[in-house]
Amino acid sequence: MKALIYHGPGNKAWEEKPKPVILESTDAIIKISKTTICGTDLHILKGDVPEVIDGRILGHEGVGVIEETGSAVTEFKAGDHVLISCITSCGKCEYCKKGMYSHCEKGGWILGHLIDGTQAEYVRIPFADNSLYHIPENADEEALVMLSDILPTGFECGVLNGQVKPGDTVAIVGAGPVGLAVLITAQFYTPAAIIMIDIDDNRLNVAKTFGATRIINSGNENAFEKIMSITQNKGVDVAIEAVGIPATFELCESIIAAGGHIANVGVHGKSVNLHLETLWSKNITITTRLVDTVTTPLLLKTVSSKKLDPAKLITHRFALKDIIKAYEVFQNAAIEKTLKVVLSD
Ligand SMILES: NC(=O)c1ccc[n+]([C@@H]2O[C@H](COP(=O)([O-])OP(=O)(O)OC[C@H]3O[C@@H](n4cnc5c(N)ncnc54)[C@H](O)[C@@H]3O)[C@@H](O)[C@H]2O)c1
Ligand SMILES: [Zn+2]
Ligand SMILES: [Zn+2]
């Protein structure tokens, strides 16, 4: 089969690889019908994730059709259409029992990281019963690719941890695919205002069409002053960080209202200053989380009932064999106006 192989920082190739086989009785082999590229794949290609070895197939998102199941798989059979979760969970360990699948002792984020991933014609999924979801009949499979990672990430790490409530004023810093996933799922809770902050005008304009009530380009304007003026100097009830750099987390610290929630979503590589000299008395909550994908069943229902339309995050489509070109378009997001790319078999 063909797959997108990582060959160390800066190097990748669409190459021949042996088709995966069942290794454990709990495995399933999936023929990929659609997959996508994540910002995390770009981090890997930069060399930021050193556990990823030369020869690894990248990708942790996708939908496909089951080709074969191990003898212990009871919930799925050959021919089933499935959504692949970016998080693999055994369902039995201490963390899985707590619903913290991201920290599963035998799984977690392993696809396209510690084991071969989904940017390939076939993939082996361990603990298939817990790590795959049935796709409802007549569902838009392309839209469901957004449910492998970014929708549960935005919803769990941003909206649920941030405890967005009706009437809240919410600020989302970062209008990438994850920040936009926060924006669309925050609206389940009817906040009064959603302020979107980024430095990319195209993404901010997209945010406006997705329901942002205010947009701020923090490259051109002072985001802190603007938010203070919008909120009569109170600040926001929920500040969600979806970039992953110190400046944007510190912006969240500066704009949070008394009693507010700062929900971190971004992956950080540098330490951040915690301004306890101003925050100690403000009754705030700060949360961090690695996506657990515990909300995938709920999100699947909202997509099936058309309450949520994640397909609007897809800006470009390619054939799977053209994945190298798709990476270029995804990497040049500002010029190409890319959000998510979908690759189809
Ligand atoms: N916690 C988790 O489980 C989890 C899961 C997936 C992704 N993530 C992280 O979420 C973050 C967002 O992911 P994404 O795919 O949307 O990334 P992305 O790079 O596509 O988007 C980031 C956005 O931040 C904007 N930005 C950059 N610098 C800024 C600044 N100084 N001020 C305001 N905006 C700025 C960019 O223009 C871009 O639109 C990343 O850090 C990613 O690694 C976390
Ligand atoms: Zn991802
Ligand atoms: Zn587990």
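1. Thoughts on unusual backbone geometry
Unlike most non-glycine residues, Phe127 shows phi in positive territory, near 45 degrees. The residue Phe127 is located in the loop between β6 (122–125) and α3 (128–131) in this model. Given 24 C-beta atoms within a 10 Å radius, Phe127 is considered buried. The phi angle at Thr190 is positive, at roughly 45 degrees, despite the residue not being glycine. Position of Thr190 relative to the elements: it lies in the loop between α6 (177–186) and β9 (193–198).

2. So, the sheet that holds strand β11 (residues 236–241)
Taken together, six strands build an open sheet; the order of strands is β10-β9-β8-β11-β12-β13 and the sheet is parallel. What marks the edges here is a single partner per strand, and that holds for β10 (214–217) and β13 (285–287). When the angles between neighbouring strand axes are averaged without regard to direction, this sheet yields 15 degrees.

3. Quick notes on helix α5 (residues 150–160)
Burial analysis of α5 places eleven of its eleven residues in the buried class, the great majority of the element. Taken together, the buried positions of α5 are occupied by Ile150, Leu151, Pro152, Thr153, Gly154, Phe155, Glu156, Cys157, Gly158, Val159 and Leu160.

4. Brief notes about the site of ligand 1
Taken together, 28 residues sit near ligand 1, with Gly39, Gly176, Val178, Gly244 and Val267 positioned nearest. Put simply, the parts of the chain that give the shell around ligand 1 at least two residues each are α1 (39–46), α5, α6, β9 and α9 (246–255). Looking at which element gives the most residues to the shell around ligand 1, the answer is α6, with three residues. Among the residues making up the shell around ligand 1, the classes are represented as 14 nonpolar, ten polar and four charged.

5. Points about the pairing of strand β8 (residues 169–173)
Taken across its five residues, β8 has five buried, putting it largely inside the fold. Side chains Thr169, Ala171 and Val173 project from β8 onto one buried face, and the interleaved Val170 and Ile172 project onto a second face that is buried too. As judged from the five bridges shared by β8 and β9, these two strands associate in the parallel manner. Note that in β9 the partner of Ala171 across the bridge is Ile195. Pairing geometry for β8 and β11, over four bridges, is parallel. Along β11, the bridge assignment pairs Val173 with Glu241.

6. Observations regarding the domain arrangement of the protein
You'll often see interface size given as the accessible area lost when the parts meet. Per the domain assignment, the segments of the protein are domain 1 (2–148 + 292–344) and domain 2 (152–287). For domain 1 and domain 2, the distance between their C-alpha centres works out to 28 Å. Facing the 16 residues of domain 1 at the interface are twelve residues of domain 2. Counted by class, the side of domain 1 that touches domain 2 contains seven nonpolar, four polar and five charged residues.

7. What to know about the pairing of strand β5 (residues 81–84)
As paired strands, strand β4 (residues 62–69) and β5 are joined by four bridges and run antiparallel to one another. Counted as the bridge partner of Gly62 is Ile84 from β5. Summarising the sheet, β5 and strand β7 (residues 132–134) pair through three bridges and their orientation is antiparallel. Bridge pairing links Val82 to His134 in β7.

Conventions used here
- Residues numbered from 1 in each chain as written.
- Chains lettered and ligands numbered in written order.
- Predicted model: local features only at pLDDT ≥ 70, side-chain atom pairs only at ≥ 80, totals over all residues.
- Helix = DSSP H or I, 4+ residues; strand = E, 2+ residues; numbered from the N terminus.
- Buried ≥ 20, exposed ≤ 12 C-beta atoms within 10 Å, placed from the backbone.
- Pairing = 2+ DSSP bridges.
- Axes fitted to C-alpha atoms, helices over the stretch in contact; angles between N-to-C directions.
- Near = placed C-beta within 6 Å.
- Nonpolar A, V, L, I, M, F, W, Y, C, P; charged D, E, K, R; others polar.
- Domains from an automatic or database assignment.
- Contact = placed C-beta atoms within 7 Å.

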